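# Tertiary structure, described
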Amino acid sequence: MAHVLRRLLSVGETSDTVVAAAPAVPPREVFRRFWPYTRGGRRWLVPLLLFSLAGPAVDAGELWLFKTVVDEVLVPRDLGPFLWIAPAYLGLIVCAGVLGFADRMTSAWVGERFLLSLRCAVFRHVQGLSLGFFERRRLGDVLSRVTDDVDAVETFLLSGVADALYYVLQLAVFLGLLFYLSWDLTLLALVIVPLFWSAARHFARLSKEASRETRRRGGSLSAIAEEVLGNVALVQAYNRQGWEAHRFEREGSGRLRAVLAATRVRAVYGPIVEVIEVAGVLAVLGLGAWQLSQGRLTLGGLLVFLALIGKMYGPVRGLSGLATTFYTAAASAERIIELLDQRPQVTERPDARPTGRAHGSVEFDRVWFRYPGTAPWALADVSFRVAPGETLALVGASGAGKSTAARLQLRFYDPDRGAVRLDGTDLRELRLADVRESVAVVLQETLVFHGTVRENIAYGRPGASEAEIVAAARAADAHEFVERLPDGYDTLVGQRGRTLSGGQCQRLAIARAMVRDAPVLLLDEPTTGLDAGSGRRIMEPLRRLMAGRTTVVISHNLLTVRDATRIVVLDRGRVIEDGAHGELLEHDGVYARLHRLNTGRVAS
Ligand SMILES: Nc1ncnc2c1ncn2[C@@H]1O[C@H](COP(=O)(O)OP(=O)(O)OP(=O)(O)O)[C@@H](O)[C@H]1O
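In this text the structure is predicted, and so the values were computed from the model without any measurement. In this numbering scheme, every chain counts its residues from 1 along its sequence in written order. Local features in this predicted model are restricted to residues whose pLDDT is 70 or higher, and side-chain atom pairs enter the listing and the counts only when it is 80 or higher, whereas totals over whole chains, interfaces and linings include all residues. Side-chain metrics in this entry use all non-hydrogen atoms of the structure; hydrogen atoms and water are not considered.

## Thoughts on the UniProt feature "transmembrane region" (unreviewed entry) in the protein chain
Summarizing the sequence annotation, UniProt attributes the feature "transmembrane region" (unreviewed entry) to residues 44-66, 82-102, 164-197, 267-290 and 296-314 in the numbering used throughout. This span, residues 82-102, is 100% helix and 0% strand, and a straight line between its end C-alpha atoms measures 30 Å. Helix and strand assignments follow DSSP, with helices taken as H or I runs no shorter than four residues and strands as E runs no shorter than two, numbered in order from the N terminus. Measuring from the first to the last C-alpha atom of residues 164-197 gives 14 Å, for a span that is 91% helix and 0% strand. UniProt positions are given in the numbering used here, feature names are shortened, and annotations may be inferred rather than shown by experiment.

## Some remarks on the sheet that holds strand E11 (residues 566-571)
Within a beta sheet, neighbouring strands are joined by backbone hydrogen bonds and run either parallel or antiparallel to one another. The sheet built from 6 strands is open, its strands ordered E6-E9-E10-E3-E11-E12 with mixed pairing. The two strands at the open ends of the sheet, each matched to only one other strand, are strand E6 (439-442) and strand E12 (574-579). On average, adjacent strands in this sheet sit at an angle of 20° to one another, irrespective of strand direction. One ladder, built from 4 bridges, connects strand E3 (residues 391-396) with strand E10 (residues 550-554); its direction is parallel. Looking at the pairing, Leu394 lines up with Ile554 of E10. Whether two residues are in contact is decided by their heavy atoms: any pair within 4.5 Å suffices. Structural elements are reduced to axes, namely lines fitted to C-alpha atoms, with helices fitted over the stretch in contact, and the angle between N-to-C directions of any two is expressed from 0 to 180 degrees. Along the sheet, helix H12 (residues 402-409) contacts E3, E6, strand E9 (520-524), E10 and E11; its crossing angle with E3, the most-contacted strand, is approximately 140°. Contacts between helix H17 (residues 502-516) and the sheet are confined to E6 and E9, with E6 contributing the most and set at about 175° to the helix. Strand pairing follows a simple DSSP-based rule, namely that at least 2 bridges must link the two strands.

## Thoughts on unusual backbone geometry
If you check the backbone angles, Arg411 has positive phi at about 55° while not being a glycine. Relative to the helices and strands, Arg411 is located in the loop between H12 and strand E4 (417-422). Although it is not a glycine, Asp477 sits at a positive phi angle of roughly 60°. Tracing the backbone through its elements, the reader meets Asp477 in the loop between helix H15 (466-475) and helix H16 (479-484). The partly exposed category is assigned to Asp477, whose relative accessible area is 35%. Summary of the burial criterion: residues with accessible area below 20% of their type's maximum are buried, those above 50% are exposed, and those between are partly exposed, where the area comes from a 1.4 Å probe applied to protein chains only.

## Some points on the domain arrangement of the protein chain
Splitting the protein chain by domain gives domain 1 (2-11 + 26-340) and domain 2 (362-603). Contact with domain 1, which involves 6 residues of that partner, is made by 5 residues of domain 2. Among the residues domain 1 hides against domain 2, the three largest losses belong to Leu131, Glu135 and Gly230. Together they make up 74% of the total. Any Lys or Arg side-chain nitrogen found within 4 Å of a carboxyl oxygen on Asp or Glu counts as a salt bridge. Joining domain 1 to domain 2, the criterion identifies 0 salt bridges. Any pair of nitrogen or oxygen atoms within 3.5 Å is treated as a polar contact; in protein, a donor-acceptor pairing is required on top of that, and neighbouring residues in sequence qualify only through side-chain atoms on both sides. Viewed at the interface, domain 2 and domain 1 are joined by 1 residue pair in polar contact (both at pLDDT 80 or more). In terms of residues, the side of domain 1 that touches domain 2 owes the most to one element, helix H5 (residues 131-136), which gives 3 residues. Of the residues assigned to the side of domain 1 that touches domain 2, the class counts are 1 nonpolar, 4 polar and 1 charged. Marked domain ranges trace back to an automatic or database domain assignment. Throughout, buried area stands for the accessible area (probe radius 1.4 Å) lost by two parts on being put together, summed over both. Asp, Glu, Lys and Arg are counted as charged, while Ala, Val, Leu, Ile, Met, Phe, Trp, Tyr, Cys and Pro are counted as nonpolar; the rest, among them Gly, fall into the polar class.

## Some words on the site of the ligand
Near, as used in this document, describes a residue that has one of its heavy atoms within 4 Å of the molecule or strand being considered. The local shell around the ligand holds 16 residues, among which Glu135, Ser398, Gly399, Ser403 and Thr404 are the closest. Between Ser398 and the ligand, the recorded distance is 2.5 Å, taken from a side-chain N or O atom to an oxygen atom. Shrake-Rupley sampling with a 1.4 Å probe provides the accessible areas, and residues are treated as covered by the protein chains on show and by no other component. Here the ligand has 630 Å² of accessible area as a free molecule, and 66% of this is covered by the chains. Sort the elements by how many residues they give to the shell around the ligand and H12 lands first, with 4 residues.

## A look at the pairing of E9
When a strand is regular, its side chains alternate between the sheet's two faces. Among the 5 residues that make up E9, 5 are buried, leaving the element largely enclosed by the rest of the structure. Of the two faces of E9, both are covered, the one formed by Val520, Leu522 and Asp524 as well as the one formed by Leu521 and Leu523. Sheet topology places E9 next to E10; 5 bridges connect them, and they run parallel. Bridge assignment links Val520 to a residue of E10, and that residue is Thr550.

## Some thoughts on the nonpolar core
Considering soluble globular proteins, one finds that nonpolar side chains tend to be buried as a cluster. By convention a nonpolar core is built from buried Ala, Val, Leu, Ile, Met, Phe, Trp, Tyr and Cys residues, the set being connected through side-chain atoms within 4.5 Å. Core analysis: the biggest nonpolar cluster contains 45 residues, and Val453, Ile457, Tyr489, Ile510, Leu545 and Ile567 have the highest contact counts within it. When residues of this core are assigned to their parent elements, the largest contribution, 8 residues, is made by H17. Residues in contact with Val453, not counting those within four places in the same chain, are Val482, Leu485, Gly488, Tyr489, Thr491, Val493 and Leu508. Counting residues in each nonpolar core, the second largest holds 33 residues, with Leu63, Val273, Ile276 and Phe305 among its members.

## Focus on the side chain of Thr550
With respect to the helices and strands, Thr550 occurs in strand E10. You can call Thr550 buried: its relative accessible area is 0%. Separated by 2.5 Å, the side chain of Thr550 and the backbone oxygen of Gly360 make a polar contact. A distance of 3.2 Å separates the side chain of Thr550 from the backbone nitrogen of Gly389, its partner in a polar contact. Contact partners of Thr550, with chain neighbours within four places excluded, come to His359, Gly360, Ser361, Val362, Val386, Ala387, Pro388, Gly389, Glu390, Pro519, Val520 and Leu521.

## A closer look at the pattern of salt bridges
Where charged atoms of side chains with opposite charge meet at close range, the side chains can pair. Under the counting rule described, the total for this entry stands at 34 salt bridges. Lys67 serves as the salt-bridge partner of Asp71, at 3.2 Å between the closest nitrogen and oxygen. Taken together, the positions of Asp71 and Lys67, both in helix H3 (residues 45-74) and 4 residues apart, correspond to about one turn of that helix. Accessibility classification places Asp71 together with Lys67 in one group, the buried group. As a salt-bridge pair, Glu468 and Arg461 come within 3.2 Å of each other at their nearest N and O atoms. Assessed through its relative accessible area of 34%, Glu468 is described here as partly exposed. Judged by its relative accessible area of 31%, Arg461 falls in the partly exposed class.

Now the structure itself:
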C-alpha cells in the first residue's frame, strides 16, 4: 500500500537536464535572505495585523448574533430582540466589507512593492555579473528566474506571512469563544489538530520534490525557447525545427509530469484532511447532543459551537497547508538565491580611485590569462604599450587571443598574472565604471538594439544633443543613409539591426563610438562581414574616429592595420612578432607571410 502511494506521488524521471536544479536551501535561510526586501512595506504590517484581527472579530460577532437569534427569538418565539439584532447584523456586514477592502488593498500594495524591489535587485545583480557567468549559463533560464520565480516567492513570503498571521488570529478568537461556550467540547475538538499537522508535514515533503522539478523544467523551457527563437534563421536554414520542437516537448512533458505529481499530492491530501475533520465534528456532535439532553448547553449554543468548529478547522487546515505553499515557493526561492549568490569575478576594490578623463596610454605588462575552468593559456606573457593617440594592431590566426586581449582591456576579466594599465595605473586600482568610460568599442558582432537610429547612436553617451548625434552620424558616413530611411533618425531598427545591412550597422556602431568620445578606442574586426568594397568604404569613417585617440585594432584584414604605429602578432596566446609595418615586412617572418597572402588575395 505504502509502495503504491509512493509511486503515485513521485515525480518520476528527473535526470535529462537542460538546466540543473538549484541547491536546496533551508526555510530559515529563505526568510533571512528575502526579509530585507520587505523594507519599504514593513510599516504597513501593523495595519495589516489590525485588519487581520478585525476579520475574525466580525466573524465571531456574526455567530454570536446568530446564537442570540436562535436562543432569544426563535426558541421563545419572541420578535422583540430581532429589532436590534437585524440592524446590528447589517452594520457588521458593512464593517466586514470595508475591512476586507482595506485588507486586500494593503496586502496587494505590500506584496507588489516587495516584488518590485526583489525583481529589481535580482536584475541589478545579474546585470553586474561578469561576462564569464553569461558564457556559462543559459539565458532563458536566467530570464525565467528573474520573472516567474520572483512571482512565486512573493506568493509565499507575503501572502504566506499574512495568511499565517490571519489564521493564528482567527484561531485565537475562535478558540477563546469555544472555551467560553464549552471547554470540554473544545478539548475534544482539538484532539484532531496533531493529526492535521502530521498529515501536512508528510505531504509537504512530498510536494517539495515536485515543485523543484516543476521550476527546473520551467527554466529549461525558457532556455530552449530563447535559444531557438533567438536563432530562428539558423534553425530554419538547417531544418532543425522538428528536433527543436521535440526538445521543447520533452521538457514540457517533464514539467507536465511534475505538475501532475504535485496535483496528486494535493488531491490525496484534500480527502484525508476531510476525513480527519468529519471525524472531529462527529465526535463533538455526539458529546454536544448528550450535553444538550442534559440541559448543560442550549440549542443555539450547540449550533454556534458546531459553526465555530467548522470555522476553526479552516485556519487549522490553512496553517497546515502553508507548509505545502512554502515548499512550492521555496523551490523558486532556491533558484533566485543561487543567482544572488553568484559573485562577479571582476569586482571593484573599496579603495578604487576615480580617474578624470584618461590620456589614453594602454599597457599590457607580462599578462598571463586563462578562461575560468580551462587549462590552456589564452594569453601567455603578453606585453605591449600604446602611447596616447597611437594605434596598435593585434593580428594573428583565429584563436590566437586577440579578442581576449580586448576583453582584458575592458576589464571583463582580470589577468591571472601581470597587469593591464591605463595611464600607468593597474585597471584593478581604478573604478570599474571609469575603466569602461574611457573606452569606446566597435565590436566584431555589431550590436544594434531594438529602438530608433537616434537612440542607438545616443547609447554611447546618454544625454548627447541632437547636433552631436548628427555630427557623429556624419563623421561615420551614416547620415546619408539615415536620412533616406522612412523616418530618418526616428526610424525603428529591429533587434540586432535586422532591418539594416551589415555595413549600415557598422556605421551606426562607429557613430555610437564617436558620440562616446572616449580616449581609448577598441576595434574588434571592424570590417568582418563586409565585402571588400564596403570594408574599404568603412575605413574612412574609422580613420576619422581613430584620429587623436589611442586605438587598439584587431583584424584579420591586414589592409586595415598597415597604418598602425605598431603591430603585435599573436600566436596561441604569445607575442611572436612586434614592430611597425615596414620593420615586420623586412623581418620577413609570419607577418610578412600573412601580408603576402593578404595582398595576393586582394589583388586576385
Ligand atoms: N569564453 C571563453 N571560455 C573559454 N575559452 C575561450 C573563451 N573565449 C575564447 N576562448 C579561447 O581562448 C583562445 C583565444 O580566443 P580569442 O577569442 O581571444 O581568439 P581570437 O584571436 O580573437 O580569434 P578570432 O580571430 O577567431 O576572433 C581560444 O583558444 C578560444 O578557444
